[in-house]
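# Observations on chain architecture
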Amino acid sequence: LAAHYAALKDLPAVTKDGVRIELTANIGTHMDVDNALTYGAEGVGLFRSEFVFMGSTTIPSEEDQFKAYRAAVEKCGGHICVIRTMDIGGDKPLPYLNIDPEENPFLGYRALRISLDRHDLFLPQIKAILRAGLYGKAAMMVPMVISVSEIQRVLKLVEQAKVELAHEGKEYSDDVQIGIMVETPAAAVVSPLLSQYVDFFSIGTNDLIQYTLAVDRGNAQIANLYNPFNPAVLRLIQRTIQSARERGIWAGMCGEMASDPYAAVILLGMGITELSMSAPSIPRVKEMIRSVTSTQAKELLADVMKMEHGVEIRAYLHKMLEGSD
Ligand code: PEP
Ligand code: MG
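Below you will find a few notes about this structure. Note that the structure is a prediction, hence the values are computed from the model and not measured. (Residues numbered from 1 in each chain as written. Chains lettered and ligands numbered in written order. Predicted model: local features only at pLDDT ≥ 70, side-chain atom pairs only at ≥ 80, totals over all residues. Heavy atoms only, no water.)

### A look at the site of ligand 1
Near ligand 1 there are 14 residues, and of these Arg-48, Arg-84, Gly-204, Asn-206 and Arg-217 occur at the shortest range. At 3.3 Å from an oxygen atom of ligand 1 is found a main-chain nitrogen or oxygen belonging to Gly-204. Contact distances for ligand 1 include 3.1 Å between an oxygen atom and a backbone N or O atom of Thr-205. Burial of ligand 1 by the surrounding chains reaches 99%, relative to a free accessible area of 290 Å². Counting residues per element, the shell around ligand 1 draws most heavily on helix α10 (residues 205-213), which supplies three residues. For the shell around ligand 1, the class distribution of residues is three nonpolar, four polar and seven charged. (Near = heavy atom within 4 Å. Polar contact = N/O pair within 3.5 Å; in protein donor to acceptor, adjacent residues only side chain to side chain. Areas by Shrake-Rupley, 256 points an atom, 1.4 Å probe, with all protein chains shown as cover. Helix = DSSP H or I, 4+ residues; strand = E, 2+ residues; numbered from the N terminus. Nonpolar A, V, L, I, M, F, W, Y, C, P; charged D, E, K, R; others polar.)

### Observations regarding the packing of helix α4 (residues 62-75) against helix α6 (residues 119-132)
With their axes 8 Å apart at the nearest point, α4 and α6 run at an angle of 35° to one another. Crossing of α4 against α6: the hand is right-handed. Across the interface between the two elements, Glu-62, Glu-63, Gln-65, Phe-66, Tyr-69, Arg-70 and Val-73 of α4 pack against Pro-124, Gln-125, Lys-127, Ala-128, Ile-129, Arg-131 and Ala-132 of α6. Classifying every residue of the contact of α4 with α6 by side-chain character gives seven nonpolar, two polar and five charged. (Axes fitted to C-alpha atoms, helices over the stretch in contact; angles between N-to-C directions. Left-handed = near helix turned anticlockwise from the far one by under 90°. Contact = heavy atoms within 4.5 Å.)

### Some details on the packing of α6 against helix α7 (residues 148-167)
The geometry of α6 relative to α7 is characterised by a closest axis approach of 9 Å and an angle of 70° between their N-to-C directions. Classified by the angle between their axes, α6 and α7 sit roughly perpendicular to one another. Handedness of the α6/α7 crossing: right-handed. Contacts between α6 and α7 involve His-119, Phe-122, Leu-123, Ile-126, Lys-127, Leu-130 and Arg-131 from the former and Val-154, Leu-157, Val-158, Gln-160, Ala-161, Lys-162, Glu-164 and Leu-165 from the latter. Its residues placed into classes, the contact of α6 with α7 shows nine nonpolar, two polar and four charged. (Parallel < 35°, antiparallel > 145°, perpendicular 65-115°, else oblique.)

### Focus: the nonpolar core
Formed by 98 residues in total, the largest nonpolar core has its most connected members in Tyr-69, Met-140, Ile-237 and Leu-275. Not counting residues within four places of it along the chain, the set of residues in contact with Leu-275 comprises Ile-21, Glu-22, Leu-23, Thr-24, Met-253, Ala-258, Ala-264, Leu-267, Val-285 and Ile-289. Ranked by size, the runner-up nonpolar core spans nine residues in total, among them Leu-46, Val-82, Phe-200 and Cys-254. (Core = buried A, V, L, I, M, F, W, Y, C linked by side-chain atoms within 4.5 Å. Buried < 20%, exposed > 50% of the residue type's maximum accessible area, 1.4 Å probe, protein only.)

### Looking at the coordination of the magnesium ion (ligand 2)
Protein ligation of the magnesium ion (ligand 2) involves Glu-183 (OE) and Asp-207 (OD), the donor distances falling in the range 2.0 to 2.1 Å. Pair noted here: Glu-183 is in the loop between β5 (177-182) and α8 (185-189) and Asp-207 is in helix α10, with a separation of 24 residues, a long-range link. The class for Glu-183 is buried, based on a relative accessible area of 2%. A relative accessible area of 3% means that Asp-207 is categorised as buried. (Donors = N, O, S within 2.8 Å, 3.2 Å for Na, K, Ca; no water.)

### Digging into unusual backbone geometry
Located in the positive-phi region is Ala-111, a residue other than glycine, with phi close to 50°. Its place among the elements puts Ala-111 in the loop between β3 (80-84) and α5 (112-117). Residue Ala-111 is classed as buried on the basis of its relative accessible area of 0%. Despite not being glycine, Met-144 has its phi angle at roughly 65°, a positive value. Looking at the secondary structure, you find Met-144 in the loop between β4 (137-142) and α7. The exposure class of Met-144 is buried, given its relative accessible area of 1%.

### Concerning the side chain of Asp-260
Inspection of the secondary structure assignment puts Asp-260 in the loop between β7 (250-253) and α12 (261-270). Since its relative accessible area comes to 18%, Asp-260 is described here as buried. Looking at Asp-260, its side chain comes within polar contact range of the main-chain nitrogen of Tyr-262, at 2.8 Å. Every residue in contact with Asp-260, bar those within four places of it in the chain, is listed here: Phe-229 and Arg-314.

### Quick look at the sheet that holds β3
Taken together, eight strands build a closed barrel; the order of strands is β1-β2-β3-β4-β5-β6-β7-β8 and the barrel is parallel. Neighbour-to-neighbour, the strand axes of the sheet open up by a mean angle of 25°, direction not taken into account. Contacting β1 (22-27) and β8 (274-277), helix α13 (residues 282-291) runs over the sheet at an angle of about 160° to β1. (Pairing = 2+ DSSP bridges.)

### Some remarks on the packing of aromatic side chains
Applying the stated criterion to the full structure yields three aromatic pairs. Taking 4.5 Å as the distance between ring centres and 10° as the angle between the ring planes, the aromatic pair formed by Phe-200 and Trp-250 counts as stacked. Taken together, the residues Phe-200 in strand β6 (residues 200-203) and Trp-250 in strand β7 connect sequence positions 50 residues apart. As far as burial versus exposure is concerned, Phe-200 and Trp-250 are alike and both buried. Here the basic side chain of Arg-70 rests over the ring of Tyr-135, its NZ or CZ set 3.9 Å away from the ring centre. (Phe/Tyr/Trp six-rings, centres within 6.5 Å; stacked < 30°, edge-to-face > 60°. Lys NZ or Arg CZ within 6 Å of the ring centre and 35° of its normal.)

### Focus on helix α14 (residues 294-304)
Within α14, burial applies to Ser-294, Ala-297, Leu-300, Leu-301 and Val-304. Buried residues of α14, viewed axially, fall in a sector of 120°; they line one side. Here the buried face of α14 lies against α11 (231-247), α12 and α15 (310-321). (Arc of directions from axis to C-beta.)

Structure representation (structure tokens):
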């Protein structure tokens, strides 16, 4: 099996009728990039930068962050490297930020909410990413967006970071794409509005499922309710991809759902163009994509969107696609 997957490494993820999907990797440190490339990753779709913060006992400096991001961007060669700004809070606390304990950390002071509140944290991170952009194809992605005003504030801060960098005589890239994670139901619902302000969407299903279904992503007792094929979840995902396509920006996915070969077919049918996952999942997903046509994917999607139960949808896809991967 390993040899079989190795043979896939340099083949593109393309359907039988020529629709190309980019398969990228989720990483936590620049040291993960080399390993990801051995699985055939075409760059990085999610660099969880909070690990740069968690690996430090104080707020990492712009310079330290620049080094970490630059290393990842360089290792990606000409491929994209999507750096997510820090997603601290929720399940990832950080001692030196001194955040008060919260009753509902997943609904609390986390991620972008901290960044927009703490420019002393956010501006150095933005600057580090813009500077790393000189060494390849970097993109910046913000987590936990719920509204247009947030992204407007982010874009203002990006402009401020550029002005400051210019004043400081530091070089940076003007070509860094700015995107958002769509991981709250609010972002998916207002995706036609958000799409006006960004270069891409990346759907974060780990949180999107949790918030849509009100099911804690880590609670084993209700894990049966945590179903990516739940019709409510599928509708939000479809809406998000549709909004991106109508605006001419790209849509990808970086939640765990992207590593499910059956889900990949449905997402392909919806028009997604990038799937980011833990690197070892890439060969299986690639093999599935190479075994179907986009017409087939659209037909399966149409069937699935008529169904009323997540469990039924999963079983149907299994029946129709079994043996394809
Ligand atoms: C997600 O929510 O789907 C995601 C990719 O981000 P994280 O798992 O880091 O919350
Ligand atoms: Mg998330």
